[in-house]
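# Examination of the molecular architecture
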Amino acid sequence: MGIARLLAKGWIIFCLFAGAHALRFALVQGQPLQSSLSGIGICALLFIAMGLLFVGGFGVSAGHGTPWLERFRPHHLIPGFNEAVFCLFVFLSFLNQAFVAPDNIDRNAVNALQEAVYFVVPGQRALVVALESCNMDGGRVFAAAFTWLLAIVYLASAASRMKLQAGLIRLEASDRPQILGPTLRAFLFGIVAVVSIQFLFVGSAFPWLHCSAFADVTGALLIGLAPLMLAYLIVAALASLMASAPEK
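Residues numbered from 1 in each chain as written. Predicted model: local features only at pLDDT ≥ 70, side-chain atom pairs only at ≥ 80, totals over all residues. Heavy atoms only, no water.

### Let's talk about the layout of surface pockets
Stated precisely, the cut-off is as follows: The way it works is a 1 Å grid over only the protein atoms, where trapped points that fit a 1.4 Å probe form a cavity and open points with protein on both sides within 12 Å along at least five of seven lines form a pocket, and then any residue with an atom within 4 Å of a point lines it. Grid points are joined across faces, edges and corners, and a volume is the space filled by probe spheres set on the points. Elements are defined by DSSP. Helices are runs of H or I of four residues or more, strands are runs of E of two residues or more, and each kind is numbered from the N terminus. Any residue outside Ala, Val, Leu, Ile, Met, Phe, Trp, Tyr, Cys, Pro, Asp, Glu, Lys and Arg is labelled polar, Gly included; the first ten of those are nonpolar and the last four are charged.
For the second largest pocket, the calculated volume is near 170 Å³. Forming the walls of the second largest pocket are 15 residues, and the residues nearest its centre are Arg24, Phe25, Gln97, Gly138 and Arg140. Sorting elements by how many residues they give to the lining of the second largest pocket places helix H10 (residues 217-224) first, with 3 residues. By residue class, the composition of the lining of the second largest pocket is 8 nonpolar, 4 polar and 3 charged.

### Describing the packing of helix H4 (residues 81-100) against helix H11 (residues 226-244)
A pair of packed helices can be characterised by two numbers: the angle between their axes and the separation between those axes. Keep this limit in mind: Comment: axis = line fitted to C-alpha atoms, over the contacting stretch for helices; angle = value between 0 and 180 degrees taken between N-to-C directions. Convention used here: angles under 35 degrees read as roughly parallel, angles over 145 as roughly antiparallel, angles from 65 to 115 as roughly perpendicular, and any remaining angle as oblique. Take the far helix as the reference: if the near one is turned anticlockwise from it by less than a right angle, the crossing is left-handed, and if turned clockwise, right-handed. A contact between two residues is defined here by any heavy atoms of the two lying within 4.5 Å.
Two elements in contact, H4 and H11, have axes separated by 10 Å at closest approach and are oriented at 165 degrees. Here H11 runs roughly antiparallel to H4, going by the angle between their axes. The handedness of the crossing between H4 and H11 is right-handed. On the side of H4, the interface is formed by Glu83, Phe86, Phe89, Val90 and Ser93, while H11 contributes Leu228, Met229 and Tyr232. Here the residues of the contact of H4 with H11 are counted per class, giving 6 nonpolar, 1 polar and 1 charged.

Fair warning: the whole summary comes from geometry, so function is off the table for now.
Encoded structure:
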């Protein structure tokens, strides 16, 4: 799980998720599908290409001169179990944000989930305070609670396979050494994870946002994608840390 590969996967998911919400907002505002799809699709592809160009440059610099085509194998295109579960959860989060949460604010099950996550996650309480001060909900509280539930489930699921993932990192490092070893990689992942926990799980980022941010793509990303990305980052940090330990 090199940094370049993690950045590439995260950037692609980020751009696709943001593009999907941008298209949804355009359709809600009454814009035609054809023009909105072409404009937003081109922007999303350009952003993906820009990010992959940067990440690819970092990956080539760490590749010790080995051509990419010689290192490429067909199985590299097949996502692992953790990646498949993560993509499925991102898709479910988007569907809930777009089609389920706005129409199911007052259901008993919805209220129960919101109260449970409100008790467990400080960031959920900060989000509720921010939305109440803006006099805005529209299913956003439920969408955030559902995303945190998916993030917790993903974290618990991935933790059960942590040793296997650490072993794969060791095999990859022995086959193709990288500039950043598992220890330094775990340190960098850990720093980013701690900062993200402070901003998202604790909720320090929400008081800084203007009310308009919760009504556009920024709010949709923070509510529907950021908790899952945080869980994925924590898993990557822990797996790299286990890979850096001596094998018993």
